[in-house]
Amino acid sequence: MRLLATEKANRRLSEIYNLIVEDEDARVCREISDEACRYVPFNFFAIIAANSLSKLGDELANPKTVLAWLLNFVGAPVYLVGLLVPLRESGSLLPQLAIAAFVRRLAVRKWIWAAGSVIQGGAIAGMGIVAWTLEGEVAGFLIVGLLLLFSLARGLCSVSYKDVLGKTIPKTRRGRLNGLSGTVSGALALFVGLFFLMRDPGSADPAFFGALIVAAGLLWVAGAAVFAGVQEFEGETDGGGNALFEAVQRLKLLRDDPPFARFVTVRALMLGSALSAPYYVVMATGAENAQAATLGLFIIANGLASTLSAPFWGRLADASSKRVMVAAALMAAGLGIGVFLLAQLMPLLAQSALLFAVLYFFLGIAHSGARLGRKTYVVDLAGGNRRTDYVAVSNTLIGVILLFSGAIGALAGALSPAAAILMFSLLGLAGAILGMGLPEAR
């Protein structure tokens, strides 16, 4: 009965799917099975819907904004705020080699994403319950601990998502799917930004944030239910083995696969578009005209950047994901160098919070392109189980690099936010130059 309903939905969605891909070869099914080809329209929109639900949950429980305020409201120690972003990012990346060893044994991997999403939702909802019932140091440590659990579950989703995408969506359609997901996610971020503009977060209480975060957790559970409906068919599996041994073996890819090693290096250098973003906010909050609503402006700027640019980047990524990465990195680097020069040569102009919200918008466009380009590139670069290896090895190494980059960025930021932005921009420029030598992933 459920399969029959899926087939009916697939037929209804086919026309919309054909309009989106906009070419005569709309039914092309490169690098996926004939069985999967039948359900491409249904899977295309199911994956977008699941991504959108989890992204809205992300915005409602953003560690840079909402969770930071939440720790403040429950009276947690200030030093715990500094753990939020590193834990969220690195915690999901570092264990991925071991996770991948387990995922490789499964013929159908959508359930890994669904399980990871449910765990994320439970962890986030737990934070909301803590905010309602506890306070002080105990509440703070529980929230940080739940964030670590959330981050580890996010690693499950990251490893499995790209593999499910590669098995269910044709090679020349993945960029457009990621682009549309970015558009929807950006529109949801706009909604969240407007929500904060209408209700000053400074006037809210822990109960308000608690209810908000519990609602965010339920969105992840809803996303898991949608993703579980994706029609994924059995694929390649590897035999068992010790997870740690398997993980070490996968690291040999860096030695044996030069294009992949170059990609990891390029991706590491391009982290600047993400790592420099908080320093734009720091410079804005230090401006003379900064207000509480400035936070809402930055959320809106980021959401608008993703909404407007993601379809453009997605279409370009289907033609050449390498060029998208390079172009986005050059854009972010040029913008950062310009901000540094602005702070040095025109300090009065650098006192405009609104100006930094506009600059953050353009940084959001660049980051959207860099993120979408590298996601599409790594999926297209390999097929079968090697795709899972690529994702796991690159994410694990990036997790380690993030910890070091964050420490170095903190040192540069101690000099000035502009100095940190310049450092990350120069690294991004080096990444763009090195990225020009990557092979096309076709």
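From a predicted model like this one, the values you see are computed outputs, not experimental measurements. (Residues numbered from 1 in each chain as written. Predicted model: local features only at pLDDT ≥ 70, side-chain atom pairs only at ≥ 80, totals over all residues. Heavy atoms only, no water.)

**Student:** Help me get a handle on the side chain of Ser-151, residues and values and all.
**Tutor:** Inspection of the secondary structure assignment puts Ser-151 in helix H8 (residues 136–168). Within the local environment of Ser-151, its side chain forms a polar contact with the backbone oxygen of Arg-88, the two atoms lying 2.8 Å apart. Among residues more than four places away in sequence, those in contact with Ser-151 are Leu-87, Arg-88, Glu-89, Gly-91 and Ser-92. (Helix = DSSP H or I, 4+ residues; strand = E, 2+ residues; numbered from the N terminus. Polar contact = N/O pair within 3.5 Å; in protein donor to acceptor, adjacent residues only side chain to side chain. Contact = heavy atoms within 4.5 Å.)

**Student:** With reference to specific residues and values, describe the side chain of Ser-309.
**Tutor:** Tracing the sequence through the fold places Ser-309 in helix H16 (residues 294–345). In this structure Ser-309 comes out as buried when scored by relative accessible area, which is 5%. Side-chain polar atoms of Ser-309 contact the backbone oxygen of Ala-305, separated by 2.6 Å. (Buried < 20%, exposed > 50% of the residue type's maximum accessible area, 1.4 Å probe, protein only.)

**Student:** Give me the lowdown on the packing of aromatic side chains, citing residues and values where you can.
**Tutor:** Counted under the stated rule, the structure contains seven aromatic pairs. Consider the rings of Phe-263 and Tyr-377, whose centres lie 5.4 Å apart with planes at 20 degrees: the pair is stacked. Taken as a pair, Phe-263 in helix H13 (residues 258–269) and Tyr-377 in helix H17 (residues 353–381) lie far apart in primary sequence, 114 residues in all. When its relative accessible area of 0% is taken as the criterion, Tyr-377 is described as buried. Ring geometry for Phe-312 versus Trp-313: centroids 5.4 Å apart, planes at 55 degrees, classification tilted. (Phe/Tyr/Trp six-rings, centres within 6.5 Å; stacked < 30°, edge-to-face > 60°.)

**Student:** Tell me what's going on with the pattern of salt bridges, and back it up with residues and numbers.
**Tutor:** Summed over all chains, the structure comprises two salt bridges. The salt bridge involving Arg-88 is made with Asp-58; its shortest N-O contact spans 2.7 Å. One end of the pair, Arg-88, is in helix H5 (residues 84–93); the other, Asp-58, is in helix H3 (residues 40–60), with 30 residues separating them in the sequence. No difference in accessibility class separates Arg-88 from Asp-58, as the two residues are buried. Measuring nitrogen to oxygen at the nearest pair gives 3.8 Å for the salt bridge that ties Glu-440 to Arg-323. Here Arg-323 lies in helix H16 and Glu-440 lies in the segment after helix H19 (417–435), a separation of 117 residues in the sequence. Look at Arg-323 and you get exposed, because its relative accessible area is 58%. (Salt bridge = Lys/Arg side-chain N within 4 Å of Asp/Glu carboxyl O.)

**Student:** Can you break down a nonpolar patch on the surface residue by residue, with the values?
**Tutor:** Residues Leu-194, Leu-197, Met-198, Leu-297, Leu-354, Val-358 and Phe-362 make up a contiguous nonpolar surface patch of about 650 Å² in total accessible area. For the nonpolar patch, the elements supplying multiple residues, two or more each, are helix H9 (174–198) and H17. Mapped onto the elements, Leu-194 comes out in helix H9. (Patch = residues over 30% accessible without salt bridge, like charges linked within 9 Å, V, L, I, M, F, W, Y side chains within 5 Å. Areas by Shrake-Rupley, 256 points an atom, 1.4 Å probe, with all protein chains shown as cover.)

**Student:** Describe the nonpolar core, with residues and values.
**Tutor:** The biggest cluster of nonpolar side chains holds 38 residues, and the ones touching the most others in it are Ile-47, Leu-177, Phe-227 and Phe-263. It is H3 that contributes the most residues to this core, eight residues altogether. (Core = buried A, V, L, I, M, F, W, Y, C linked by side-chain atoms within 4.5 Å.)

**Student:** Outline H3, listing residues and values.
**Tutor:** For H3, built from 21 residues, the straight-helix expectation of 30 Å at 1.5 Å per residue is met to within 8% by its first-to-last C-alpha distance of 31 Å. Burial of H3 is extensive: 18 of the 21 residues sit out of reach of the surface. (Expected span 1.5 Å × (residues − 1).)

**Student:** Please set out the packing of H3 against H8 residue by residue, giving values where relevant.
**Tutor:** Interhelical geometry of H3 versus H8 gives an angle of 160 degrees and a closest axis separation of 12 Å. In terms of axis orientation, H3 runs roughly antiparallel to H8. With respect to the hand of their crossing, H3 and H8 are arranged in left-handed fashion. Between H3 and H8, the contacting residues are Val-40, Asn-43, Ile-47, Asn-51 and Asp-58 on the first element and Phe-150, Tyr-161, Leu-165 and Thr-168 on the second. (Axes fitted to C-alpha atoms, helices over the stretch in contact; angles between N-to-C directions. Parallel < 35°, antiparallel > 145°, perpendicular 65-115°, else oblique. Left-handed = near helix turned anticlockwise from the far one by under 90°.)

**Student:** Help me get a handle on the confidence of the model for the chain, residues and values and all.
**Tutor:** When pLDDT is low, close inspection of the predicted coordinates is not appropriate. The predicted model of the chain has a mean per-residue pLDDT of 78, with 81% of residues at 70 or higher. Between the elements of the chain, mean pLDDT differs from a low of 61, seen in helix H11 (residues 243–250), to a high of 92, seen in helix H7 (residues 110–133). (pLDDT = per-residue confidence, 0-100.)

**Student:** Please provide a residue-by-residue account of the environment of Leu-94, values included.
**Tutor:** By secondary structure assignment, the location of Leu-94 is in the loop between H5 and helix H6 (96–103). Here the alpha-carbon distance between Leu-94 and Leu-397, two residues 303 residues apart in the chain, equals 7.1 Å.

**Student:** Would you mind going over the packing of H8 against H17 in detail, with residue names and values included?
**Tutor:** Where H8 meets H17, the axes come as close as 10 Å, and the angle between the chain directions of the two elements is 65 degrees. The hand of the H8/H17 crossing is right-handed. In this structure, H8 contributes Lys-162, Leu-165 and Gly-166 to the contact, and H17 contributes Arg-374, Lys-375, Val-378 and Val-379. A breakdown of the residues in the contact of H8 with H17 according to their chemical character gives three nonpolar, one polar and three charged. (Nonpolar A, V, L, I, M, F, W, Y, C, P; charged D, E, K, R; others polar.)

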